[in-house]
Amino acid sequence: AGYASALGAVKKDLAAFGPGVVNAIYAGGYGFIGAQSGFRPLVVSTIGSDMLIDYPSSFVHRLQIEYALRRASLVTTDAASLTASVVRAGVEPSRIVEIYFGIDPSLFNLEGRASRQGGPLRIVSTRNLYPVYGLETLIAAFAALRSKADALLTVCGNGPDRGSLEKMAAGLGVEERVTFTGKLGPPGIAAELKKADIYVSTSTSDSTSVSLLEAMACGAVPVVTDLDANREWIREGISGLLFRPHDADGLAAAMLSLHENRDLAASMRKEAAGTVAEKGLWIPNMERVESEFMRLAEGEPARP
């Protein structure tokens, strides 16, 4: 009954909307509702977990997502690995446009970044505290690192895993070196990234991560899980370091290597910031999205 009511409200609103394009962000629930609304043209935007986690998880999810994708005039993705999963779900490449979201360079940049020659290694994570982000790997790796180097860890974000992560830090004896900030707004995130030497993501599944792009733009050297989407942004040993998911020892070794080679870290910092400036900015990327939407609204086919 609740779903029928929601769909009815959507149809009523769209009937009054007039000519235009409906964009359903997330191929699962919202994409399914958008497809059932009957409004066309419909754009379904996949964002990662819908195709990489939900789609393979159950028969019901596959039915809903494939229903939405079949009825979409255009499907947007934000990583090559995500594009591949959409193609495997039966979408013709001609109906797919791969566009990154991107960051705001007026906020996420190298301006005001302190140049430090000594002191503890500063590490930051800005992912939310949910199981998919694997923060227990970071806490374990940080504890291993602390036996070899002076370091501080800042964990930004909230989520159901916060209590267990705090207990884990206490159990490993590093609670005084780990700060849990809770949820921060974009200015707070930018400030933490500009203070950090290293940005870590221990996520076990990802499309293009905006958190990663923010870190690269702010000069926190990325040390992230070896996932297909991360490899689109990180050139191993050149713009960052990669480690296997759940590999705390590998993560600790990667962080220590950057601590011991500050010249390499500085080179990676410059390379990563340049990569984001080249292809990871919000406005030019969204201008491309706007162009595709306008083509659809005017009755022209989208261009891949």
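Residues numbered from 1 in each chain as written. Predicted model: local features only at pLDDT ≥ 70, side-chain atom pairs only at ≥ 80, totals over all residues. Heavy atoms only, no water.

Caption draft 1: Structural detail: the nonpolar core. Counting 34 residues, the largest nonpolar core has Ile123 and Val223 as the members making the most contacts within it. Here Val223 is in contact with Ile198, Tyr199, Val200, Ser201, Leu241, Phe243, Leu251, Ala254 and Leu258, once residues within four sequence places are set aside. (Core = buried A, V, L, I, M, F, W, Y, C linked by side-chain atoms within 4.5 Å. Buried < 20%, exposed > 50% of the residue type's maximum accessible area, 1.4 Å probe, protein only. Contact = heavy atoms within 4.5 Å.)

Caption draft 2: Quick look at the sheet that holds strand β8 (residues 198-201). The parallel open sheet is built from 6 strands, whose spatial order is β7-β6-β5-β8-β9-β10. Single-partner strands in this sheet number two, and they are β7 (178-182) and β10 (241-243). Sheet twist, expressed as the average angle between the axes of neighbouring strands with direction ignored, equals 20 degrees. As defined by bridge partners, strand β9 (residues 221-225) adjoins β10 across 3 bridges and the pair is classed as parallel. From the neighbouring strand, Thr225 faces β10, where its bridge partner is Phe243. (Pairing = 2+ DSSP bridges. Helix = DSSP H or I, 4+ residues; strand = E, 2+ residues; numbered from the N terminus. Axes fitted to C-alpha atoms, helices over the stretch in contact; angles between N-to-C directions.)

Caption draft 3: Geometry of the pairing of strand β2 (residues 42-45). Of the two faces of β2, the one carrying Leu42 and Val44 and the one carrying Val43 and Ser45 are both buried. Two elements, strand β1 (residues 22-25) and β2, share 4 bridges in a ladder whose sense is parallel. Bridged to Val22 within β2 is Leu42. Of the crossover connections in this fold, the one passing from β1 over helix α2 (residues 29-37) to the parallel β2 is right-handed. Taken together, the 3 bridges between β2 and strand β3 (residues 74-77) define a ladder with parallel strand orientation. Along β3, the bridge assignment pairs Ser45 with Thr76. (Right-handed = clockwise from strand over helix to strand, strands pointing away.)

Caption draft 4: Looking closely at the pattern of salt bridges. By the definition in use, this model includes 9 salt bridges. For the salt bridge of Arg146 with Asp150, the shortest nitrogen-to-oxygen distance reads 3.6 Å. Assessed through its relative accessible area of 37%, Asp150 is described here as partly exposed. Here Arg231 and Asp226 are joined by a salt bridge, their closest N and O atoms 2.7 Å apart. Residue Asp226 is classed as partly exposed on the basis of its relative accessible area, which comes to 31%. Where salt bridges share partners, they join Arg146, Asp150 and Arg177 into one cluster. (Salt bridge = Lys/Arg side-chain N within 4 Å of Asp/Glu carboxyl O.)

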